[in-house]
Amino acid sequence: MSYEIKAEIREAQGTGASRRLRREGKVPAVLYGEGTEPVAITVDHRTLWYALEKEAFHTAIIKLDVNGKAYDVIVRDFQMHPFKQQVQHIDFQAVDANKAINIRVPLHLLNAAISPAEKLQSGRVSLLATSVEVNALPKNIPAVLELDVATISAGEIRHLSDLVLPEGVTCVALSRKENLAIASATGKNK
């Protein structure tokens, strides 16, 4: 899925200016990265709020239109208000389509309900990590990584090396020779 967000350059900066923007329904933001100087911008809060609710938005290449000039960006970081449903600030990183980047991708379990651990051994399959850092060209970044645990039994663990990565995607931890545990199964061994 592709996302497009319109942004405007902001002149006023600082705490007071940011508060005024938020009252007007805008979010202070910054754009930095490949081939661009850091630029203070604003984006519409409502558009951004609904986009951030979608898991795929966090790993997608976004078309950011800043006063008519388009950038390919990813969301690098964002801050939320502690109790209001309000985005306080967001960082966009401009990316080059020909340079690989590191990004955290969500991790999902597949077939946990039909695994021997849950079905036969009264156990539970649990994720030990919710995301995995990968290195890939922007066009190859997966929206989500899936770990199939259909054959996991009680007491077993699945590691990063058990992930099936898409073509052109490498796991950063594995390249550093760190095969971390990402899922485990509990239950009664029979």
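These numbers come from a predicted model, not from an experiment. (Residues numbered from 1 in each chain as written. Predicted model: local features only at pLDDT ≥ 70, side-chain atom pairs only at ≥ 80, totals over all residues. Heavy atoms only, no water.)

Enquirer: Explain the domain arrangement of the chain to me, please; I cannot follow it from the model alone.
Expert: Note: interface size is frequently given as the accessible area lost on complex formation between the parts. When the domains of the chain are assigned, the result is domain 1 (3–94) and domain 2 (101–186). Using C-alpha coordinates to define each centre, domain 1 is positioned 30 Å away from domain 2. Across the contact, seven residues belong to domain 1 and 12 residues belong to domain 2. When domain 1 packs against domain 2, the two sides together hide about 670 Å² of surface, and 62% of this comes from carbon and sulfur. One can count zero salt bridges joining domain 1 with domain 2. Where domain 1 packs against domain 2, one counts two residue pairs in polar contact (both at pLDDT 80 or more). Of the residues in the side of domain 1 that touches domain 2, the class split is three nonpolar, two polar and two charged. (Domains from an automatic or database assignment. Contact = heavy atoms within 4.5 Å. Buried area = accessible area lost by both parts, 1.4 Å probe. Salt bridge = Lys/Arg side-chain N within 4 Å of Asp/Glu carboxyl O. Polar contact = N/O pair within 3.5 Å; in protein donor to acceptor, adjacent residues only side chain to side chain. Nonpolar A, V, L, I, M, F, W, Y, C, P; charged D, E, K, R; others polar.)

Enquirer: In this structure, what is going on with the pattern of salt bridges? I would like to understand it.
Expert: Side-chain pairing between opposite charges can occur once the charged atoms of the two side chains come close. In the structure shown here, the tally under the stated rule is five salt bridges. The partner of D65 in a salt bridge is K6, with the nearest N and O atoms 3.5 Å apart. Here D65, found in strand β4 (residues 62–66), pairs with K6, found in strand β1 (residues 3–9); they are 59 residues apart in sequence, far enough to count as distant. Residue class for D65 comes out partly exposed when judged on its relative accessible area of 24%. Close ionic contact of K26 with E8 constitutes a salt bridge, the shortest N to O distance being 3.4 Å. Highlighted residues: K26 in strand β2 (residues 26–33) and E8 in strand β1, separated in sequence by 18 residues. Take K26: its relative accessible area is 26%, and that puts it in the partly exposed class. Here E8 falls in the partly exposed class, since its relative accessible area comes to 42%. (Helix = DSSP H or I, 4+ residues; strand = E, 2+ residues; numbered from the N terminus. Buried < 20%, exposed > 50% of the residue type's maximum accessible area, 1.4 Å probe, protein only.)

Enquirer: Sorry if this is basic, but what is going on with the side chain of S131 here?
Expert: Along the polypeptide, S131 turns up in strand β9 (residues 131–136). There is a polar contact of 3.0 Å between the side chain of S131 and the side chain of R104. Not counting residues up to four positions away in its chain, the partners in contact with S131 are R104, V105, P106 and L107.

Enquirer: Just checking my understanding: could you explain the side chain of Q86 for this structure?
Expert: Looking at the secondary structure, you find Q86 in the loop between β5 (69–80) and β6 (87–94). In this structure Q86 touches R22, H45, W49, Q79, M80 and H81, once residues within four positions along its chain are discounted.

Enquirer: Looking at this model, I keep getting lost on the sheet that holds β9. Mind explaining?
Expert: Adjacent strands of a sheet pair through backbone hydrogen bonds, lying either parallel or antiparallel. Taken together, the four strands give an open sheet; going across it, the order is β10-β7-β9-β12, and neighbouring strands pair in mixed fashion. Both outer strands of the open sheet, β10 (145–148) and β12 (169–171), are each paired with one neighbouring strand and no more. With direction set aside, neighbouring strand axes in the sheet form an average angle of 45°. (Pairing = 2+ DSSP bridges. Axes fitted to C-alpha atoms, helices over the stretch in contact; angles between N-to-C directions.)

Enquirer: Mind showing me how you'd approach the pairing of β1 here?
Expert: Every regular strand shows the same layout, with side chains that alternate between the two sheet faces. In the sheet, β1 pairs with β4 via five bridges, with the strands oriented parallel. Bridging across to β4, I5 finds its partner in L64. With three bridges connecting them, β1 and strand β3 (residues 36–44) associate as antiparallel partners. In the strand pairing of β3, E8 is matched with T42.

Enquirer: How should the sheet that holds β1 be read in this particular structure?
Expert: Read once around its circumference, the closed barrel built from six strands follows the order β1-β3-β2-β6-β5-β4, with strand pairing classed as mixed. Neighbour-to-neighbour, the strand axes of this sheet turn through a mean angle of 45°, independent of strand direction. Bridge count for β2 against β3 is seven bridges, and the pairing is antiparallel. Looking across to β3, one finds that L31 is bridged to V39. Sheet strands touched by helix α1 (residues 15–23): β2, β3 and β6. Its angle to β2, the strand with the most contacts, is close to 120°. Across the sheet, helix α2 (residues 45–52) is in contact with β1, β2, β3, β5 and β6; its angle to β6 comes to roughly 75°.

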